[in-house]
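Residues per chain are reported as follows:
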Amino acid sequence: MVLKRCFLRVYYSASSALLLEDHVFDCSPKVESGSNEVAELQVPRKRFTFCRKPRLFPLVARVFKSLNWGIAKKISFYKAVKMHGFDHAVYVFRMIIHIFAMAGMQMEAHALLRDIVCYHKEHKSDMFELLPYLLDSPELVCQSVEVFNVLIKVLASNSMLENGFDVFVQAKILGLELNIRSCNFLLKCLVEANKEEFVRSLFEDMKKSGPSPNVYTYTIMMNFYCKGYHGRNVDVGQATKLLEGMERDGINPSVVTYSTYIHGVCRVGCVKFALDFIWVLRSRNQPINSFCYNAVIYGFCQKGKPYEALKVLEEMKNCGISPDIYSYSILIDGFCKKGDCEKGLNLIYEMILHDMKPSLASYTSLFDGLCKSGLADVSLSLFRNLGTAGYEYDMAAYNVLLKGICLEGDLDSAMELFKEMINNSLIPTANSFNRLIHGFCKKGLLDRALELFSIMLQSGVLPTIFTFNVIVDGYCKAGHLEEALKLINEMHEFGIFPNSYTYNGIMKRLCLQSNSEKAWELLPQMLKRNILHNVHYSILIDGFAKQSNPKKALMLYTRMSTLGVTPTTVTYTILINIFCQRSKMHEACSLFKDMIGTGLIPDTISYTSVVAGFCRVRDMRKAWALYTEMQQRGYSPNVVTYTCLIDGFFHINRMDMANLLITEMKKREINPDVVTYTALIAGYQRCGNIDRACELFSEMKRKGISPDDAAYSILGVGFGMATYK
């Protein structure tokens, strides 16, 4: 302190001289000093020319004499620059900053440096040019390490992290020992900004040349490795090395260090390891708290194991650590997601018994679980009770209830809740509108959906791709294809572009209306937007097939191969059906083999298509072989498969095989449909067993299956043939 007072006297003399006459200054004079506190920073020589009557110097003198912050803050840096120019302002403010720093007035120095830094940031000036000048001591004054410490904090808090790191480097070059707090603050800001290279470099430099990392430094690094900032993967390996390094250096981790590590371990799915680690900490009498246990409870709940998480809660209590509101909230959410709402409700009662008020988030988890269990009415009743108890509803609670009530189809109640939300000054989100719009479209109430869509736009809520897709689908189901296409063209005005699903509904509707050519015209714009997928080709191919236009369907299949679009099992099945219906079994079998060759696995429908084809051409040997193969591959025949085979065997007078299949259907509990009965009636009629045919006709009606025209025709006229379309 004696040495500092000596320097202050020198500085006072120099400042007083400045008040007496005009000067042209060299702002980086060389100072002779034997003190360890003095360090000389070499900066580029720059001359500052001041006005003849520098009005700011009296301010410096008054601050120097009184060390009064009230005097210093009378003029801001912005105002000083405006009145006296940048060079003079920065020179004078530098003096005051160093005065405050040497007097131990860090907060005051911080405020002045912040003004200068913010001015530079606002004017987008190069801070690297100013840093050496700010750090250099003015006019025969020793250089204070406190200026470095304060400037690092100022730069870091203003997101000028590379500049802050540069100040750290300059201090190292000068041999100055920086404060651990300023280095930790810079490290923390670098971690939060995900400046990985700077984080590692700063930490290693601190370990090598100081200031030596303390428990807070290691905890900051533990955060860096365990929290996965900005999408980074959690690095448990590096986190474990940190713990080992702390032990090696004799630094005791804090409970925050341990809880952060445990959170990281749980985030990578090693929940059991995290629990074992807690047991080790307990055996070594290391500090643990509810945050450590909460991480494990959350980890088990994320894995869908709330009962394991409940055991951890009980263990926590037995160890004398009281669960907090988060411990219970995590568990309530875990049980409700698992469908055990009763357990979730019991935990809420347990919280109340322990004088712990459940949060609205805990109740919202319960609302969600009840709604998913089909108990939206119970959820709504509980919601009303909370309002009576003084809880203030939030958007999350309303949205969960809206979703549940809309899923149950009670749109009137949903609309009441929606209006109540608005009356409570809560602005509905896009999801709030989407759920209602989807509910109205699903019920065919397109007008009400469009009315809500209009309110959405008027409220300034931006629609999502889901909003447009639902309305486009609603237009299609109502047969308003022109409006659907018009809406697709207007989507870009909201910065939203159609996706694959947007076009699905339109293409299906066009094909259903036997307008596949119009659907074909959509392909170029879909291709342009890179949203043309195999599903769209399948829809079109099926459309052309149903319109008896196999040529166009096969053309599309060829085009798929040209564009590198891989056909799906559905695509192949549609094409196989085309050939089977035209009795072109060679081509159908060829496509079936191609499908298997590309790695696609035929399903029940694929097999049934080929079986039906062979039955149609009366090649029952091959039909039976495929029927056997599909069962060997683990695919169960359906009513269509059996109907085709029964009809085929009846046609070649193999009554034994037809009856075998009928028996097998009964064993498998596969109920015949109208086509099956028609095939059976036709078969028995053809074999001359009219009584059995009439019995089946009566049985069919008794089971509530209405006979079709073919069945009546067979019994009434005496001819007919069952086909499965």
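Data block above holds the structure.
Just so we're clear, the structure is a prediction, and the values are computed from it rather than from any experiment. (Residues numbered from 1 in each chain as written. Predicted model: local features only at pLDDT ≥ 70, side-chain atom pairs only at ≥ 80, totals over all residues. Heavy atoms only, no water.)

*Asks:* Explain the state of the cysteines residue by residue, including any values.
*Replies:* Scanning the entire structure with this criterion turns up 0 disulfides. Not engaged in a disulfide, the cysteine Cys341 finds its nearest cysteine sulfur in Cys336; these two sulfurs lie 4.5 Å apart. The thiol sulfur of Cys580 is not disulfide-bonded, and the nearest other cysteine sulfur, from Cys589, lies at 7.3 Å. (Disulfide = S-S within 2.5 Å.)

*Asks:* Run through the packing of helix 35 (residues 604-616) against helix 37 (residues 639-651), naming residues and quoting values.
*Replies:* Relative to each other, helix 35 and helix 37 sit at 10 degrees, their axes nearing to 9 Å. Relative to helix 37, the element helix 35 lies roughly parallel. Considering how the two elements wind past one another, helix 35 and helix 37 form a crossing that is left-handed. Of the residues in helix 37, those touching helix 35 at Thr608, Val611, Ala612 and Cys615 are Val640, Thr641, Cys644, Leu645 and Gly648. Each residue belonging to the contact of helix 35 with helix 37 can be placed in one class, and the counts come to 6 nonpolar, 3 polar and no charged. (Axes fitted to C-alpha atoms, helices over the stretch in contact; angles between N-to-C directions. Helix = DSSP H or I, 4+ residues; strand = E, 2+ residues; numbered from the N terminus. Parallel < 35°, antiparallel > 145°, perpendicular 65-115°, else oblique. Left-handed = near helix turned anticlockwise from the far one by under 90°. Contact = heavy atoms within 4.5 Å. Nonpolar A, V, L, I, M, F, W, Y, C, P; charged D, E, K, R; others polar.)

*Asks:* Talk me through helix 35; I want residue IDs and the actual numbers.
*Replies:* Between its first and last C-alpha atoms helix 35 spans 18 Å; for 13 residues at 1.5 Å apiece the expected length is 18 Å, and the two agree. Judged by how many residues are buried, helix 35 sits mostly within the fold: 11 of 13 residues are covered. Those residues of helix 35 not exposed but buried are Thr604, Ser606, Tyr607, Thr608, Ser609, Val610, Val611, Ala612, Gly613, Phe614 and Cys615. Lining the buried residues of helix 35 we find helix 33 (569-581), helix 34 (585-597), helix 36 (620-632) and helix 37. Where helix 35 starts, the residue carrying a side-chain oxygen 3.2 Å from the main-chain nitrogen of Ile605 turns out to be Asp603. One or two residues past the end of helix 35 sits Arg618, with phi positive at roughly 65 degrees. (Expected span 1.5 Å × (residues − 1). Buried < 20%, exposed > 50% of the residue type's maximum accessible area, 1.4 Å probe, protein only. Polar contact = N/O pair within 3.5 Å; in protein donor to acceptor, adjacent residues only side chain to side chain.)

*Asks:* For the packing of aromatic side chains, give the residues involved together with the corresponding values.
*Replies:* Tallied over the entire structure, the rule returns 21 aromatic pairs. Ring geometry for Phe367 against Phe383: centres 5.8 Å apart, planes inclined by 75 degrees, an arrangement best described as edge-to-face. Residue Phe367 is found in helix 20 (residues 360-372), and its partner Phe383 is found in helix 21 (residues 376-388); the two are separated by 16 residues along the sequence. For the pair formed by Phe367 and Phe383, the shared burial category is buried. Grouping aromatic residues by their ring pairs yields a cluster made of Phe367, Phe383, Tyr393 and Tyr398. Seen from the ring of Tyr391, Lys357 lies directly overhead, with NZ or CZ sitting 4.6 Å from the centre. (Phe/Tyr/Trp six-rings, centres within 6.5 Å; stacked < 30°, edge-to-face > 60°. Lys NZ or Arg CZ within 6 Å of the ring centre and 35° of its normal.)

*Asks:* Please provide a residue-by-residue account of the packing of helix 6 (residues 106-122) against helix 8 (residues 145-157), values included.
*Replies:* Following both chains from N to C, one finds helix 6 and helix 8 inclined at 50 degrees, their axes separated by 9 Å at the closest point. Here helix 6 is positioned oblique relative to helix 8, judged by the angle of their axes. Relative to helix 8, the crossing made by helix 6 is right-handed. Contacts between helix 6 and helix 8 involve Gln106, Ala109, His110, Leu113, Arg114 and Val117 from the former and Glu146, Val147, Val150, Leu151, Lys153, Val154 and Leu155 from the latter. Residues of the contact of helix 6 with helix 8, tallied by class, amount to 8 nonpolar, 2 polar and 3 charged.

*Asks:* Can you tell me about the pattern of salt bridges, naming the residues and giving the values?
*Replies:* Within the structure shown, the criterion is met by 19 salt bridges. With a closest N to O distance of 2.9 Å, Arg200 and Glu196 form a salt bridge. Linking Arg200 with Glu196, this pair stays in helix 11 (residues 196-209), spanning 4 residues, or about one helical turn. With a relative accessible area of 30%, Arg200 lands in the partly exposed category. Given the relative accessible area of 32%, Glu196 is considered partly exposed. One salt bridge in this structure joins Lys207 and Glu204, with 3.4 Å as the shortest N-O distance. Taken together, the positions of Lys207 and Glu204, both in helix 11 and 3 residues apart, correspond to about one turn of that helix. (Salt bridge = Lys/Arg side-chain N within 4 Å of Asp/Glu carboxyl O.)

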